[in-house]
Amino acid sequence: MQAMVLNRLGSPLECEERPDRLPGPDEIRVKVGACGVCRTDLHVIDGELPNPHTPIIPGHEIVGRVDALGPSVVGLQIGERVGIPWLGHTCGVCPYCLDGRENLCDHPLFTGYSRDGGFATSVIADARYAFPLGEAGSDVSLAPLLCAGLIGWRSLVIAGEGKKIGLYGFGAAAHIIAQVAVWQGRSVYAFTRPGDLAAQAFAKSLGAAWAGGSDEIPPEPLDAAIIFATVGDLVPLALKAVRKGGRVVCAGIHMSDIPSFPYDLLWEERQLLSVANLTRQDGLDFLALAPKIGIVTSTTSYPLSEANRALADLRAGRFEGAAVLIP
């Protein structure tokens with residue numbers, strides 16, 4: 001199996017030959033059709049997440065076909081198309097798992113971080129954490145839904161049912177969730193890098209009622225704001241933009257330090273929340289809803305051999321929407 005292997009944190013990704021292996025009792029082997037490139041992959045590569053596993057194959061927005069089944073696997077078939085997300089395994093016995101909050105599991109495994117991911121031609125996955133995808137849509141168009149879409153969906157649910165939603169950082173997740181929010185009848189206010197007129201035009205083309213720089217105040221108070229950009233400086237700005245009782249949701253797995261801010265920004269029962277991972281139910285709910293909404297993902301495709309270029313372009317913000325690797 002040819003895979004893109006991170007030999008040590010911070011080093012270039014290199015192609016390396018690994019022998020195929022059969023899946024374990026509860027595992028499946030999946031031939032990768034496409035794998036999205038996520039900002040979390042940059043955090044893994046840059047050593048910004050704790051307890052790194054090295055070497056590791058990044059990638060956790062995987063779409064592919066099952067080509068081998070472990071003996072205990074039920075409900076999946078050879079040749080079936082599945083999606084493999086960030087959450088790759090949970091213990092099932094810790095207080096969080098038993099309470100229905102497996103996204104907070106004490107002993108999880110994460111695809112592309114603590115178990116090998118999809119920057120490869122095939123991947124081994126826990127069958128219980130693979131989503132059947134059906135045959136509608138291309139592998140490339142579906143790949144961003146497996147993280148950008150899922151974490152965006154969980155963030156939108158946590159943000160509440162307010163009608164005026166701000167999205168800070170209009171990238172892979174925001175361009176998907178903007179479509180969901182508009183379909184739900186909400187007004188979307190998109191915040192981009194100051195002066196990024198192209199991103200603002202892109203947001204408006206997806207139905208945003210307003211788009212401007214992250215240093216701007218929206219034309220009216222927001223019911224909630226979701227911060228997708230990994231920039232802690234945005235937290236006080238978002239708190240300033242929401243109304244009394246409004247919510248600010250931090251959607252990233254990693255964020256730069258949040259600067260100090262006056263208590264007045266939090267007062268009047270504003271709430272500051274974070275999103276951690278996702279549950280399988282989040283995946284089932286969102287992936288069942290996505291075809292009804294008719295979500296269109298904006299993607300830029302790269303061959304697997306150019307994973308480094310895709311990561312560099314993501315870091316520099318050189319494309320709209322999401323990058324996807326194709327083996």
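Refer to the structure above for everything that follows.
Every chain's residues receive numbers from 1 upward, in the order its sequence appears when written. Thresholds applied to this predicted model are a pLDDT of at least 70 for local features of residues and 80 or more for the giving and counting of side-chain atom pairs; totals over whole chains, interfaces and linings are not thresholded and use all residues. Side-chain figures throughout are based on the complete set of non-hydrogen atoms in the structure, without hydrogens or water.

1. Observations regarding the packing of helix α4 (residues 148-159) against helix α5 (residues 172-183)
We count it as follows: Under this scheme, a helix contributes an axis fitted over its contacting stretch, all axes are lines through C-alpha atoms, and angles between N-to-C directions fall in the 0 to 180 degree range. Elements are defined by DSSP. Helices are runs of H or I of four residues or more, strands are runs of E of two residues or more, and each kind is numbered from the N terminus. Each angle gets one of four labels, with under 35 degrees taken as roughly parallel, over 145 as roughly antiparallel, 65 to 115 as roughly perpendicular, and the rest as oblique. Handedness of a crossing follows from how the near helix is turned relative to the far one, being left-handed for an anticlockwise turn of less than a right angle and right-handed for a clockwise one. Whether two residues touch is decided by their heavy atoms; if any such pair falls within 4.5 Å, the residues are in contact. Under this grouping Gly is polar, as are all residues other than the nonpolar Ala, Val, Leu, Ile, Met, Phe, Trp, Tyr, Cys and Pro and the charged Asp, Glu, Lys and Arg.
Where α4 contacts α5, the two axes come as close as 8 Å, and the packing angle between them is 55°. As judged from the angle between their axes, α4 and α5 are oblique. You can see that α4 and α5 cross each other, and the crossing is right-handed. The residues of α5 that touch α4, namely those facing Ala148, Gly149, Gly152, Trp153 and Leu156, are Ala172, Ala173, Ile176, Ile177, Val180 and Ala181. Class assignment for the residues of the contact of α4 with α5 results in nine nonpolar, two polar and no charged.

2. Considering the pattern of salt bridges
Operational definition: When a carboxyl oxygen of Asp or Glu lies within 4 Å of a side-chain nitrogen of Lys or Arg, that pair is called a salt bridge. Whether a residue is buried, partly exposed or exposed follows from its accessible area with a 1.4 Å probe, protein chains only, as a fraction of its type maximum: under 20%, in between, or over 50%, in that order.
For the coordinates displayed, the defined rule picks out 15 salt bridges. With its nearest N and O atoms 2.8 Å apart, the salt bridge here joins Arg65 to Glu135. Of this pair, Arg65 sits in strand β4 (residues 61-69) while Glu135 sits in the loop between β9 (131-132) and α3 (139-142), and the two are 70 residues apart along the sequence. Look at Arg65 and you get partly exposed, because its relative accessible area is 32%. Arg243 serves as the salt-bridge partner of Asp223, at 2.6 Å between the closest nitrogen and oxygen. Here Asp223 is found in strand β13 (residues 222-227), whereas its partner Arg243 is found in strand β14 (residues 242-250), with 20 residues between them in sequence. Take Asp223: its relative accessible area is 16%, and that puts it in the buried class. Classification of Arg243 as partly exposed rests on a relative accessible area of 35%. Overlapping salt bridges, with partners in common, bring together Glu306, Arg309, Asp313 and Arg318 in one network.

3. Structural notes on the nonpolar core
The nonpolar side chains of a soluble globular protein tend to be buried with one another. Just so we agree on the cut-off: Within this scheme, the nonpolar core is defined by two criteria: the residues are buried Ala, Val, Leu, Ile, Met, Phe, Trp, Tyr or Cys, and they are joined through side-chain atoms within 4.5 Å.
With 54 residues, the main nonpolar core has Leu167, Phe170 and Phe286 as its most contacted residues. Sort the elements by how many residues they give to this core and α5 lands first, with seven residues. Residues in contact with Leu167, not counting those within four places in the same chain, are Ala174, Ala178, Val188, Tyr189, Ala190, Phe191, Ile226 and Phe228.

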